[in-house]
Amino acid sequence: MMKGLKHIALASLCLLSFSSSGVYAQSAEAVQAAQKGITQSRIELDRIVAKIDQDVIMQSELDARLEAVHRQLASRNIALPPEEVLQKQVLEQLILENIQIQMGKRGGIRIDDWALNDAIARIAQRNQMTLEEFKQNLEADGLSFSQAREEIRREMILNRVRQRQVAQRVQVSEQEIDNFLSSPEGLSQMQTEYRLAHILIATPDNATPDQIQGAERHANDLSSQLRQGADFQALAIANSKGQNALEGGDLGWRKADQLPTLFAEQAIKMSKGQTSAPIRSPAGFHIFKLMDTRGNEKVVQSQVHVRHILIKPNEIRSNLESQMQAKKLYQRVQAGEEFSELAKAYSDDTASALNGGDMGWISPDVLVPEFQTVMNIIPQKVVSEPFRTTYGWHILEVLGKRQSDISTQVRRNQVRELLSNRKFEEELQVWLREVRDQTYVEIQL
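One structure accompanies this document, and this report is about it. Remember, predicted model here, so these are calculated numbers, not experimental data. (Residues numbered from 1 in each chain as written. Predicted model: local features only at pLDDT ≥ 70, side-chain atom pairs only at ≥ 80, totals over all residues. Heavy atoms only, no water.)

## Some remarks on the overall build of the protein
Here's step 1: Each helix and strand counted, the protein has 16 helices and eleven strands in total.
Here's step 2: Relative to the 2.2 N^0.38 estimate, which gives 22 Å for 445 residues, the radius of gyration of the protein is 33 Å and therefore markedly larger than a compact globule would have.
Here's step 3: Considering only C-alpha atoms, the protein reaches an extent of 105 × 85 × 45 Å along its principal axes.
Here's step 4: The proportion of buried residues among the 445 residues of the protein is 42%.
Here's step 5: In the protein, the proportion of contacts linking residues at least 24 apart, taken out of those at least 6 apart, comes to 71%.
Here's step 6: For the protein, the computed accessible surface area is about 25000 Å², with 48% contributed by carbon and sulfur atoms.
Here's step 7: Considering the protein, the positive charge centre built from 53 side chains and the negative charge centre built from 58 side chains are found 2 Å apart. (Helix = DSSP H or I, 4+ residues; strand = E, 2+ residues; numbered from the N terminus. Rg over C-alpha atoms; globule rule 2.2 N^0.38 Å. Buried < 20%, exposed > 50% of the residue type's maximum accessible area, 1.4 Å probe, protein only. Contact = heavy atoms within 4.5 Å. Areas by Shrake-Rupley, 256 points an atom, 1.4 Å probe, with all protein chains shown as cover. Lys, Arg positive; Asp, Glu negative; His and termini not counted. Charge placed at Lys NZ, Arg CZ, Asp CG, Glu CD.)

What follows is the structure, encoded as structure tokens:
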């Protein structure tokens, strides 16, 4: 199976499906033919294999999916189960998908061509292909581009149905995040990774004092060269007896608990780019360089403390009237009235009005461009003249600006996403069983 298709399964299905949009047209035609009393011989080449509520699955659809599964398993060198067993598995998958597609139709879920084209472009990009190369690879794999488009559209519908139905069941508490961060798994996953380089000037077992002194002089000489700007990797290749000498002493990315104790002790206390003095161990003299670290990045975010008054146009107040009211409030602030009291009384931003218009410390990125522009222009502690955004008319005051370390928040958000994904997969299986049990299904194999 071409690697591009591995990304088509947006809804995390176990097997990819390759049926075309014509399946449903055929299904509808078969039903209509039966309603008109046309004999079964007209559709005997494509019989119904399952009825699901108001829809059907045709033999052609089952055959197409079986063929795709055969190709996929063969490409991965996976032994096929007996055909009867595989057929039941594939039909059950089609039934579950059909149920969800019907739910999507009833819920008004549609994937327009713009969204579909964007998804296809992302799939091609992830596979480092142009759109034309993607089409060619599809055709080489026996799948037309039009078929692939409809299959991607189908998978996107399935994904949206699942998000709508299952995501609302998934909640991750702050306590669950705390528990994960303190668990062995959490501690391991959140550990800093070090990319350490190493030079070993070895001494033999039962080394004589002269041998030890000679090794020490050699290590000190290399250390002096490094201080003068010599290339660590070149020196490692030429001098080190370590296992990674031919890689320039590079040990690759490792967490502290994956390093020998001596190595970990040095990595933890070194800063990026720093080279250690020679350190003796029973094996000889070691020189370390901390090439890089990851997983402990400090995330700093620009934040602004702002308060505002928002006047929205509505059914009884025109845009011009809203502008005029904002101007009057601005004049009252200029005349000495308390900003916070006016915000409580007049602002249409109910979230901040109760706090006197105070929006707290926020990232400018979450604000609309017009708001950001004014916020960046006016000095702190100065109230802006009324200006318009898509929300209405604002007057604002910047109370402060800062650079805030949000590393802890980012880390907790990463854990929240990880736990949410796990819970989603668990809930998805429960939900699929529920909808399967609640749906009328008649298998006619």
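## Points about the sheet that holds strand E3 (residues 193-202)
Here's step 1: Ordered in space as E4-E3-E6-E5, the four strands form an open sheet in which the pairing is antiparallel. Among the strands making up the open sheet, the edge pair consists of strand E4 (250-255) and strand E5 (279-281). Sheet twist, expressed as the average angle between the axes of neighbouring strands with direction ignored, equals 40°.
Here's step 2: In this structure, E3 lies alongside E4, joined through four bridges in antiparallel fashion. Residue alanine 197 lies in a different strand from E4, and its bridge partner there is aspartate 250.
Here's step 3: The strands touched by helix H9 (residues 209-227) are E3, E5 and strand E6 (284-294); relative to E6, the strand with the most contacts, the crossing angle is about 30°. (Pairing = 2+ DSSP bridges. Axes fitted to C-alpha atoms, helices over the stretch in contact; angles between N-to-C directions.)

## So, helix H3 (residues 83-106)
Here's step 1: Taking 1.5 Å as the rise per residue, H3 with 24 residues should run 34 Å; its terminal C-alpha atoms sit 34 Å apart, in good agreement.
Here's step 2: After H3 finishes, the residue glycine 108 shows a positive phi value of roughly 75°. (Expected span 1.5 Å × (residues − 1).)

## Observations regarding the packing of helix H4 (residues 113-126) against helix H6 (residues 145-166)
Here's step 1: For the pair H4 and H6, interaxial distance at closest approach is 10 Å and the crossing angle is 105°. Classified by the angle their axes make, H4 and H6 are roughly perpendicular. In contact with Asp113, Ala115, Leu116, Asn117, Ala119, Ile120 and Ile123 of H4, H6 contributes Phe145, Arg149, Ile152, Arg153, Met156 and Arg160.
Here's step 2: Split into classes, the residues belonging to the contact of H4 with H6 amount to eight nonpolar, one polar and four charged. (Parallel < 35°, antiparallel > 145°, perpendicular 65-115°, else oblique. Nonpolar A, V, L, I, M, F, W, Y, C, P; charged D, E, K, R; others polar.)

## What to know about the nonpolar core
Here's step 1: Formed by 43 residues in total, the largest nonpolar core has its most connected members in Ile57, Phe134 and Trp431.
Here's step 2: Breaking this core down by element, the ones donating at least two residues are strand E1 (48-52), helix H2 (59-75), H3, H4, helix H5 (131-140), H6 and helix H16 (407-438).
Here's step 3: With nine residues, the top contributor of residues to this core is H3.
Here's step 4: Of all hydrophobic cores here, the second largest spans 13 residues; its members include Ile199, Ile212, Leu222 and Phe285. (Core = buried A, V, L, I, M, F, W, Y, C linked by side-chain atoms within 4.5 Å.)

## Some words on the pattern of salt bridges
Here's step 1: Taken as a whole and judged by the stated rule, the model has 25 salt bridges.
Here's step 2: Residues glutamate 174 and arginine 412 are paired through a salt bridge, measuring 2.7 Å at the closest nitrogen-oxygen approach. Here arginine 412 lies in helix H16 and glutamate 174 lies in helix H7 (residues 174-182), a separation of 238 residues in the sequence.
Here's step 3: Taking relative accessible area as the criterion, glutamate 174 reaches 42% and is therefore assigned partly exposed.
Here's step 4: The salt bridge involving glutamate 176 is made with lysine 423; its shortest N-O contact spans 2.8 Å. One end of the pair, glutamate 176, is in helix H7; the other, lysine 423, is in helix H16, and 247 residues separate them in sequence.
Here's step 5: Several salt bridges converge on common partners, so that one network encompasses Glu61, Arg65, Glu97 and Arg154. (Salt bridge = Lys/Arg side-chain N within 4 Å of Asp/Glu carboxyl O.)

## Side note on the packing of aromatic side chains
Here's step 1: The final tally for this structure, using the stated rule, is two aromatic pairs.
Here's step 2: Ring geometry for phenylalanine 263 and phenylalanine 288: centres 4.8 Å apart, planes at 70°, overall edge-to-face. With phenylalanine 263 in helix H11 (residues 261-269) and phenylalanine 288 in strand E6, this pair connects stretches of sequence that are 25 residues apart.
Here's step 3: For phenylalanine 263, a relative accessible area of 11% translates into the label buried.
Here's step 4: Its relative accessible area of 0% is what places phenylalanine 288 among the buried residues. (Phe/Tyr/Trp six-rings, centres within 6.5 Å; stacked < 30°, edge-to-face > 60°.)

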